[in-house]
Amino acid sequence: MRKFDTKVQYLKYKVLREVAREAWADRLHETAIDIPKMIVPGKIPTMRCCVYKERAILAERVKIAMGGDKQNPNVIEVIDIACDECPMGGYSVTEACRGCLAHRCEDVCRFGAITFDSNHVAHIDKTKCKECGSCAKVCPYSAIHNYKRPCETACKVKAISMGEEKEAKIDNSKCIACGACVYQCPFGAITDKSFILDAIKLLKNSDNNKNYKVFAVVAPSISSQFSYAKLGQVIKGLKELGFFTVVEAALGADMVAYAESKELAEKGFLTSSCCPAFVDFVEKNFPQFKEHISHNLSPMATIAKYIKEHEEPCKVVFIGPCTAKKAEVQKESVKPWVDVAMTFEELQALFDSRDIDITTLDEDVLDNASYFGRIFARSGGLSDAVAQGLKEHDITDFELKAYPCDGIEACKLALLQKKGGKLDANFIEGMACVGGCIGGAGCLTHGEKNKAEVDKYGMQAYEKTISSAISMLK
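Just so it is clear, the model here is predicted, and its values are computed rather than measured.

Novice: Looking at this structure, I do not really get helix α10 (residues 231-241). What am I missing?
Specialist: For an α-helix the count is 3.6 residues per turn, leaving residues at separations of three or four pointing the same way. All buried positions along α10 are accounted for by Gly232, Gln233, Val234, Ile235, Gly237, Leu238 and Leu241. Contacts made by the buried residues of α10 are with α1 (7-24), α9 (196-205), β9 (213-218), β10 (245-248), β12 (314-320) and α15 (344-353). The first or second residue beyond α10 is Gly242, which carries a positive phi of 120°.

Encoded structure:
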């Protein structure tokens, strides 16, 4: 049964599973050093040049699974010794060069980086090249190619560069923790810190929810994950792990949509606050729009705040597709409400660390949110929910002009157009991941099918209005 898109995800999962297994048994600090040998028990390497390097890299993965570098505030880290197989990158001349007489590439280069051999074939001096790309643009044979690393290509905020040893380096002042580089790195050399040990500690110390209740808040995109089982079995599995109950973050989305629609009508223009990576992007790159970011907390934080205010003593663990949520829970405005943020990858590891086969479980029910709260998981869902919120508030003198954009490039373009007065929109819905939350780096699976599953899940609550879903909280 296939649970992951890639073998890199599977490797990451195996490390998380073993770390969790040892933590449940209270022997992690004694056995953590042995986990690489558990995963690669023989002397034949499975992924690297030798078993010793493979185990050394696995040891670094174990550290990140245990929380990573505490001195680095970023939730995204680079495993330096795993980042050594990519080409140096930059512009290079390919075999398509015909040795033409025009030498347009030489003429356009302002840095003297291009020379020719006796056959008139071009060569680029890397010490002089500034990677402006002018030569590639004018070559009539498209013989000059820019070999970018997958992580650099994936990072749309230009937070990744190469260090002295040609390993990837992340500029924390630019990084928005979206995790695009994590999913795209073919070697898994860039990964997100795990706080799975914190979740296990909360569950163990709750003493079966006698000391305090542990709530699992699940993102609506869960409906498109764990495709090998039924959603009700996943919910039952969470309770088997020791969670007191499971609450939909989509109910928080209903609360946000209801409040945000009213805020929008009052202020006239907003950008959404649901995606922490998008919010971070706006704050770092378009500070002039910072005051226009919705003042509502994200759906995760909104429902967690409600739980903490009405169910104390309790703890809240968020489970979703998003690496940026791990950064969001460190914010002062969110920290009191959410104790731990995990991904679906980590939840799978938790299930298997306790030998819970969710396909054998009975189905439990998840029935908190409306259709509109549930479709927050895909691009355009928030805009639809805000339109519904305006309708339920009976606000008829405000015309919604929503502009949903998914992927940072689309978000950047929308913000640039708005800045230049060329975008006729009063609500920008920003999602850092392509497709919305269903494209998050912490998903087990990615793809167009996920959108259909989210819509199907939403339709199961189509009879509910936003206000009727919220009224169940009272």
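Novice: Explain the packing of α10 against α15 to me, please; I cannot follow it from the model alone.
Specialist: Packed helix pairs are specified by the crossing angle of their axes together with the interaxial distance, meaning the distance between the axes. α15 packs onto α10 with a crossing angle of 60° between their chain directions and a minimal axis gap of 10 Å. Taken together, α10 and α15 sit at an angle that is classed as oblique. Crossing of α10 over α15 shows left-handed handedness. On the side of α10, the interface is formed by Val234, Gly237, Leu238 and Leu241, while α15 contributes Leu347, Leu350 and Phe351. Partitioned by chemical class, the residues of the contact of α10 with α15 number 6 nonpolar, 1 polar and no charged.

Novice: Would you mind showing me how to read the nonpolar core here?
Specialist: Burial of nonpolar side chains together is a common tendency in soluble globular proteins. Ranked by size, the top nonpolar core spans 141 residues in total, and within it Leu238 and Ile319 carry the most contacts. Core analysis: the second largest hydrophobic core is formed by 12 residues, Cys109, Ala113, Ile124 and Ile144 among them.

Novice: I'm lost on the sheet that holds strand β13 (residues 340-343) in this one. Help?
Specialist: Each strand in a sheet pairs with its neighbour through backbone hydrogen bonds, running either in the same direction (parallel) or in the opposite one (antiparallel). The sheet built from 4 strands is open, its strands ordered β10-β9-β12-β13 with parallel pairing. On the outer flanks of this sheet lie β10 and β13, each paired with one strand and no other. Neighbour-to-neighbour, the strand axes of the sheet open up by a mean angle of 30°, direction not taken into account.

Novice: Which parts of the structure should I look at to understand the pattern of salt bridges?
Specialist: In a structure, side chains of opposite charge can pair up when their charged atoms sit close to one another. Per the stated rule, a full pass over the model turns up 28 salt bridges. For the salt bridge of Asp192 with Lys12, the shortest nitrogen-to-oxygen distance reads 2.4 Å. One end of the pair, Asp192, is in strand β8 (residues 190-192); the other, Lys12, is in helix α1, with 180 residues separating them in the sequence. The two residues Asp192 and Lys12 agree in class, both being buried. Taking the shortest distance from any N to any O, the salt bridge between Arg374 and Glu248 comes out at 2.9 Å. Here Glu248 lies in strand β10 and Arg374 lies in helix α16 (residues 371-374), a separation of 126 residues in the sequence. On the basis of relative accessibility, which here comes to 2%, the residue Arg374 falls in the buried class.

Novice: Could you clarify how one ought to interpret the pairing of β12 in this entry?
Specialist: Taken residue by residue, a regular strand's side chains alternate between the two faces of the sheet. Within β12, 6 of the 7 residues are buried, which leaves it mostly tucked inside the rest of the structure. In this structure, β9 lies alongside β12, joined through 6 bridges in parallel fashion. Looking at β12, one finds that Val218 is bridged to Ile319. Relative to β13, β12 is paired through 4 bridges, and the arrangement is parallel. What sits directly across from Phe318, in β13, is Ala341.

Novice: Just to check I follow, could you spell out the pairing of strand β15 (residues 427-431) for this structure?
Specialist: The element β15 is largely enclosed, with a buried count of 5 among its 5 residues. Residues Phe427, Glu429 and Met431 of β15 are buried on one face, and the alternating residues Ile428 and Gly430, pointing to the opposite face, are buried as well. Pairing geometry for strand β11 (residues 270-271) and β15, over 2 bridges, is parallel. Bridge pairing in β15 places Leu270 opposite Phe427. Of the strand pairs in this sheet, strand β14 (residues 402-406) and β15 are connected by 5 bridges, and their pairing is parallel. The residue of β15 that forms the bridge with Asp406 is Met431. Remark: the β14/helix α18 (residues 408-419)/β15 crossover connection has right-handed handedness.

Novice: Please clarify how the packing of aromatic side chains should be interpreted in this entry.
Specialist: For any two aromatic rings, the description comes down to two numbers: the centre-to-centre distance and the angle of the planes. This structure, assessed with the given rule, holds 11 aromatic pairs. Every member of this aromatic cluster is reached through a ring pair, and the members are Phe269, Phe281, Phe286 and Phe289. Between Lys315 and the ring centre of Tyr212, over which it is positioned, the NZ or CZ distance is 5.6 Å. When the ring centre of Trp24 is taken as origin, the NZ or CZ atom of Arg354, which lies over that ring, is 4.2 Å away.

Rules behind the numbers
Residues numbered from 1 in each chain as written. Predicted model: local features only at pLDDT ≥ 70, side-chain atom pairs only at ≥ 80, totals over all residues. Heavy atoms only, no water. Buried < 20%, exposed > 50% of the residue type's maximum accessible area, 1.4 Å probe, protein only. Helix = DSSP H or I, 4+ residues; strand = E, 2+ residues; numbered from the N terminus. Contact = heavy atoms within 4.5 Å. Axes fitted to C-alpha atoms, helices over the stretch in contact; angles between N-to-C directions. Parallel < 35°, antiparallel > 145°, perpendicular 65-115°, else oblique. Left-handed = near helix turned anticlockwise from the far one by under 90°. Nonpolar A, V, L, I, M, F, W, Y, C, P; charged D, E, K, R; others polar. Core = buried A, V, L, I, M, F, W, Y, C linked by side-chain atoms within 4.5 Å. Pairing = 2+ DSSP bridges. Salt bridge = Lys/Arg side-chain N within 4 Å of Asp/Glu carboxyl O. Right-handed = clockwise from strand over helix to strand, strands pointing away. Phe/Tyr/Trp six-rings, centres within 6.5 Å; stacked < 30°, edge-to-face > 60°. Lys NZ or Arg CZ within 6 Å of the ring centre and 35° of its normal.

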